[in-house]
Amino acid sequence: MNKRFSWFNATSLTLGFAFLYLPILILIIYSFNESKLVTVWAGFSTKWYGVLLHDQAYLDAVKITLKVAVVSSTVATILGTMAAWVLVRAGRFPGRTLFSGMIYAPLVVPDVITGLSLLLLFIAMGLDRGVGTIILAHTTFSMCYVSVVVSSRLVSFDMSLEEAALDLGCSPFDAFRSVTLPIIAPAVISGWLLSFTLSLDDLVISSFASGPSATTLPMKIFSQVRLGLNPEVNALSTIMIAIVTIGVVTSSVLTKRASVRRQRQEQAALAQG
Amino acid sequence: MNLRRLLLISVPYAWLLLLFLVPFGIVLKISLSDQALAIPPYTPTFDLAAGWQGFVDFLSKLDFENYSWLTQDDLYWKAYLSSLQIAALSTVLTLLVGYPIAYGMANAPTEWRPTLMMLVILPFWTSFLIRVYAWIGILGQNGYLNQLLLWTGVIDEPLVMLNTPFAVYIGIVYTYLPFMVLPIYATLEKLDHDLLEAAEDLGCSRFQAFWLVTVPLSKPGIIAGSFLVFIPAVGEFVIPSLLGGSRTLMIGKVLWDEFFSNRDWPTASAVAVLLLLILIVPIVLFQRHQQKMQELDA
């Protein structure tokens, strides 16, 4: 036990995590409430989950949201990895400062401004607004997050490994595929996951970029929640929280196992040598 | 080789130019136009067929009228000021809530730390909208907090908490807490405990040692965390529109209403340009700070 871990630390951690988790916990508990009045407990029931699963508007919104998230995060991962390579490896080229500015700016520009500017662009280009324009919008901000995550991994990557592959007769493409890509793969995967989550979560930019034909899940939730508490939204929130929790816990357990395995292999290799 | 390099540079470059820079140019242009009852609802529109003369005519019709309108109508500058004020105060509150958590994490036994980290990050992966929504049920007139306070007899009639600036502060502190905790934790974790022991050996009380050694050494984390909360909080839309009610004025909400309710594109664009100009100061300061920290690390 660390001697600096005092009662003060224990209290602040307890209070802090209570603040973080109690609201979510209450939300989950009351999703099993029988009553239509969300804040008045009237007995245990799973009826709102049934109502939710038969609500076509929600099911359509889920379908659109997943489609947007899968396509935009995949394209964003490809573009963002390219951009990371450009930032770290491409050396000097005309307009490099503008390029890195455009990578970092979307991370700090408020959503309302990004959304407004994209909408005005889509109108100027005469594009029909819908799923396609939401995908374009999400890809744009996600690729910036991906390139930041991937470039921080590329910076710490030992160039001589790729050079060795080139010396041994690999083509530049093969060297990238068989040496660089496996090493930066964890960053590329976390970039994809981050993009996917950001896309699932986005309300403001989607609202600007979309037309009457496409409503994403956050847009649907927002239009409901604006009118006040809603038991269906509680049920939906609980499902979403459960999925995310399972995903995050599983991936952290898997990463931990992988790192333990790697340590063992390294130790075994050292023992043999 | 060179063709490959050119392709790798030009594809993401072109994408960002078209979908990030050009849209800003359009916003800037429309902010200088006038509102009109037409499709699109502003004038002048740019007509390529009219050639150079058309372009000159087009330029001559642009003006700063919308911006002078922003300075004349109370609503706008009040909204800017109140956004800055709400963001600044919430940043201080987030720091006060977040620092003890980061401090507790850094002093926790090493084997707990990955789990504590995950517990701080986990809410960040769950939907932002849902985390804000959770507070509607807590703070409402018949909400859980009022029920608890009435039941324990602390109050006799329900408090008005939802649809006030107070609810907005809570919403911001709650949703942005991980952004404050993580950078502070990162600096505290690296802290050399021998320094604290030295301070105590030299006669400092534990609190003095904390105030004179720990706090100054965690300053980079405090600064980074504060920027990470302040910058997005200024332009926040979801929190004021769900928790703030009509009495809480924030510029992100004004922009949204100007565009979606009033359909006044030129004013909405001018609001956006001005908001960006205001945010450039903290953004540049933040980037300088990050660069300095990277150089120190290297």
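Draft legend 1. A look at the nonpolar core. Phe 99 and Phe 208 of chain A together with Val 238 of chain B are the most contacted members of the largest nonpolar core, which totals 139 residues. Top contributing element to this core by residue count: helix α8 (residues 165-189) of chain B, with 13 residues. Mapping this core onto the domain boundaries places at least three of its residues in each of domain 1 (9-45) and domain 2 (54-272) of chain A. Sequence-distant contacts of Phe 208 of chain A, defined by excluding residues within four places in its chain, comprise Val 112, Gly 115, Leu 116, Leu 119 and Arg 129 of chain A together with Leu 255, Trp 256, Phe 259 and Phe 260 of chain B. In terms of nonpolar packing, the next biggest core, distinct from the first, is built from eleven residues, Ala 84, Val 150, Ala 175 and Ala 187 of chain A among them.

Draft legend 2. How the structure looks around the interface of chain A and chain B. Taken residue by residue, the interface counts 85 residues in chain A and 84 residues in chain B. Taken together, both faces of the contact between chain A and chain B bury some 7,700 Å²; the carbon and sulfur share is 80%. Counting every contact that joins chain A to chain B gives zero salt bridges. Between chain A and chain B we count 14 residue pairs in polar contact (both at pLDDT 80 or more) in total. Broken down by class, the residue content of the side of chain A that touches chain B amounts to 62 nonpolar, 18 polar and five charged.

Draft legend 3. Unusual backbone geometry, seen in detail. Residue and element names in this part refer to chain B. Of note in this structure, Asn 163 is not a glycine but carries a positive phi near 65 degrees. Within the secondary structure layout, Asn 163 lies in the loop between α7 (144-152) and α8. Here Arg 263, not a glycine, exhibits a phi torsion of approximately 55 degrees, which is positive. Relative to the elements of secondary structure, Arg 263 occurs in the loop between α13 (251-260) and α14 (265-297). Using a relative accessible area of 46% as the deciding quantity, one classes Arg 263 as partly exposed.

Draft legend 4. Broad picture of the domain arrangement of chain A. All names here are of chain A. Domain boundaries in chain A define domain 1 (9-45) and domain 2 (54-272). Measuring from the centre of the C-alpha atoms in domain 1 to the corresponding centre in domain 2 gives 31 Å. Taken together, the contact pairs eight residues of domain 1 with eight residues of domain 2. The junction of domain 1 with domain 2 conceals about 700 Å² of combined surface from both sides, 76% of it contributed by carbon and sulfur atoms. For domain 1, the biggest contributors to the area lost against domain 2 are Leu 27, Ser 31 and Val 38; these three give 59% of the whole. At the boundary of domain 1 with domain 2, the tally comes to zero salt bridges. Where domain 1 meets domain 2, there are two residue pairs in polar contact (both at pLDDT 80 or more). Looking at side-chain class alone, the side of domain 1 that touches domain 2 contains five nonpolar, two polar and one charged residues.

Draft legend 5. Spatial organisation of helix α6 (residues 128-139) of chain B. Residue and element names in this part refer to chain B. Given a rise of 1.5 Å per residue, twelve residues ought to cover 16 Å, and the 17 Å separating the end C-alpha atoms of α6 matches this to within 8%. Counting buried positions along α6 yields twelve of twelve residues, so the element is predominantly enclosed. Of the residues making up α6, those classed as buried are Phe 128, Leu 129, Ile 130, Arg 131, Val 132, Tyr 133, Ala 134, Trp 135, Ile 136, Gly 137, Ile 138 and Leu 139.

Draft legend 6. Spatial organisation of the packing of aromatic side chains. Inspection of every chain in the model, using the stated rule, returns 31 aromatic pairs over all chains. Both rings, one in Phe 124 of chain B and one in Phe 179 of chain B, keep their centres 5.6 Å apart while their planes meet at 90 degrees; by these two values the pair is edge-to-face. With Phe 124 of chain B in helix α5 (residues 113-125) and Phe 179 of chain B in helix α8, the pair connects residues that are 55 residues apart, well separated along the chain. Ring centres 5.3 Å apart and planes at 20 degrees place the aromatic pair Phe 259 of chain B and Trp 265 of chain B in the stacked group. One aromatic cluster is present, built from ring pairs that chain together Phe 208 and Phe 222 of chain A together with Phe 237, Trp 256, Phe 259, Phe 260 and Trp 265 of chain B. In this arrangement the basic side chain of Lys 220 of chain A is found over the ring face of Tyr 58 of chain A, its NZ or CZ atom lying 5.1 Å from the centre.

Draft legend 7. Inspection of a nonpolar patch on the surface at higher detail. Residue and element names in this part refer to chain A. A cluster of nonpolar side chains, Leu 22, Leu 25, Ile 29, Trp 41 and Phe 44, forms an exposed patch at the surface whose accessible area comes to about 530 Å². Looking at where Trp 41 falls in the secondary structure, it is placed in the loop between α1 (7-30) and α2 (47-53). A relative accessible area of 40% places Trp 41 in the partly exposed class.

Calculation criteria
- Residues numbered from 1 in each chain as written.
- Chains lettered and ligands numbered in written order.
- Predicted model: local features only at pLDDT ≥ 70, side-chain atom pairs only at ≥ 80, totals over all residues.
- Heavy atoms only, no water.
- Core = buried A, V, L, I, M, F, W, Y, C linked by side-chain atoms within 4.5 Å.
- Buried < 20%, exposed > 50% of the residue type's maximum accessible area, 1.4 Å probe, protein only.
- Helix = DSSP H or I, 4+ residues; strand = E, 2+ residues; numbered from the N terminus.
- Domains from an automatic or database assignment.
- Contact = heavy atoms within 4.5 Å.
- Buried area = accessible area lost by both parts, 1.4 Å probe.
- Salt bridge = Lys/Arg side-chain N within 4 Å of Asp/Glu carboxyl O.
- Polar contact = N/O pair within 3.5 Å; in protein donor to acceptor, adjacent residues only side chain to side chain.
- Nonpolar A, V, L, I, M, F, W, Y, C, P; charged D, E, K, R; others polar.
- Expected span 1.5 Å × (residues − 1).
- Phe/Tyr/Trp six-rings, centres within 6.5 Å; stacked < 30°, edge-to-face > 60°.
- Lys NZ or Arg CZ within 6 Å of the ring centre and 35° of its normal.
- Patch = residues over 30% accessible without salt bridge, like charges linked within 9 Å, V, L, I, M, F, W, Y side chains within 5 Å.
- Areas by Shrake-Rupley, 256 points an atom, 1.4 Å probe, with all protein chains shown as cover.

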